[in-house]
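Breakdown of the fold
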Amino acid sequence: MAVSQEIQSTATHYLKQLEEAEGSFEFQELMETFKEKALADETAVWFLFKNIIKEAIENPQVFETKPSYIVGVFYILNDMDNPKSYALIRWFIQNCSPETPHGVIELLSSLITIFSSLEFKEFLNFAKSSNPAQSAIGFMTLYNLLLEGRLTEEQAKTLYEFSKNYQNDRYHIGDAPNLIQEFYEETYESKETNKIDLIFE
């Protein structure tokens, strides 16, 4: 569906406001105003958010040149936790550039766990992607969900087995694979071991 000229004009005005407020005291207040407009389902502000996410997909350098409003939109979408906000975050993950900065990967994989509509299989598929940024977001999101106790035992075992061979040369995942394995073994395998009660006479 085509977006009207009025909506595009309003979204452009909003974007100019954000760019002018970047790094200033008024920036946070402006972002809260846009959040309220989004919750009221104003089309122009959603069009603005979509354009900002699109810019982040097509030009990952924007995270360096305009960090406040790009990251600010991620925070707003996360806070709203509704189907529209999740759809935009998911769209970014599905199309993110392999050049997405490491800090963005860490931030997004931590923020996104607040959403109630996450699907384990989908994020496991993201983790298996040949796109290193998408793979890192998928893997680290599952890692965070595991530590938060949000995975079933079967899902935790699947992630445990996957982590044994997980590699991502573009992003430094650090000790996450080892920590997944330690967490699983201490949480589940030790539980099974403790069930064994041998009595020697």
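See the structure shown above.
Residues numbered from 1 in each chain as written. Predicted model: local features only at pLDDT ≥ 70, side-chain atom pairs only at ≥ 80, totals over all residues. Heavy atoms only, no water.

Helix and strand counts for the protein come out as 11 helices and 0 strands. When the helices and strands of the protein are read in sequence order from the N terminus, they spell out α-α-α-α-α-α-α-α-α-α-α. In terms of principal-axis extent, the alpha carbons of the protein reach across some 85 × 35 × 35 Å. Taken across its 201 residues, the protein has 44% of its residues classed as buried. (Helix = DSSP H or I, 4+ residues; strand = E, 2+ residues; numbered from the N terminus. Buried < 20%, exposed > 50% of the residue type's maximum accessible area, 1.4 Å probe, protein only.)

Taken together, the side chains of D175, E182, E185, E186 and E189 present a region of like negative charge at the surface. Structurally, E182 can be placed in helix 11 (residues 176-194). Classification of E182 by relative accessible area gives partly exposed; the value is 43%. (Patch = residues over 30% accessible without salt bridge, like charges linked within 9 Å, V, L, I, M, F, W, Y side chains within 5 Å. Areas by Shrake-Rupley, 256 points an atom, 1.4 Å probe, with all protein chains shown as cover. Salt bridge = Lys/Arg side-chain N within 4 Å of Asp/Glu carboxyl O. Lys, Arg positive; Asp, Glu negative; His and termini not counted. Charge placed at Lys NZ, Arg CZ, Asp CG, Glu CD.)

So, about the side chain of N168. In this structure, N168 sits in the loop between helix 10 (153-163) and helix 11. The buried category is assigned to N168, whose relative accessible area is 13%. In this structure the side chain of N168 is engaged in a polar contact, spanning 3.0 Å, whose partner is the side chain of Y166. Polar side-chain contacts of N168 include one of 3.4 Å to the backbone nitrogen of Y171. Leaving out residues up to four positions away in the same chain, N168 has contacts with P132, S135, A136 and I173. (Polar contact = N/O pair within 3.5 Å; in protein donor to acceptor, adjacent residues only side chain to side chain. Contact = heavy atoms within 4.5 Å.)

This part covers unusual backbone geometry. For D41, which is not glycine, the phi dihedral falls at a positive 65°. Mapping D41 onto the fold places it in the loop between helix 2 (26-39) and helix 3 (43-58). Owing to a relative accessible area of 43%, D41 belongs among the partly exposed residues under this scheme. One non-glycine residue, D81, lies in the positive phi region at around 45°.

Glancing now at the nonpolar core. Of all hydrophobic cores here, the largest spans 67 residues; its most connected members are L18, L48, F49, F74, L77, F92 and F139. Each residue touching F92, except ones within four places of it in the same chain, is listed here: I53, A56, I57, F63, F74, T100, L108 and I137. (Core = buried A, V, L, I, M, F, W, Y, C linked by side-chain atoms within 4.5 Å.)

This paragraph deals with the environment of E22. By secondary structure assignment, the location of E22 is in the loop between helix 1 (5-21) and helix 2. With a relative accessible area of 25%, E22 lands in the partly exposed category. For the pair formed by E22 and P67, sequence separation is 45 residues and the distance between their alpha carbons is 8.5 Å. If we skip the residues at most four places from it in the chain, E22 touches F27, K66, P67, S68 and Y69.

So, to be careful, I would describe these as geometric facts and stop short of saying anything about function.
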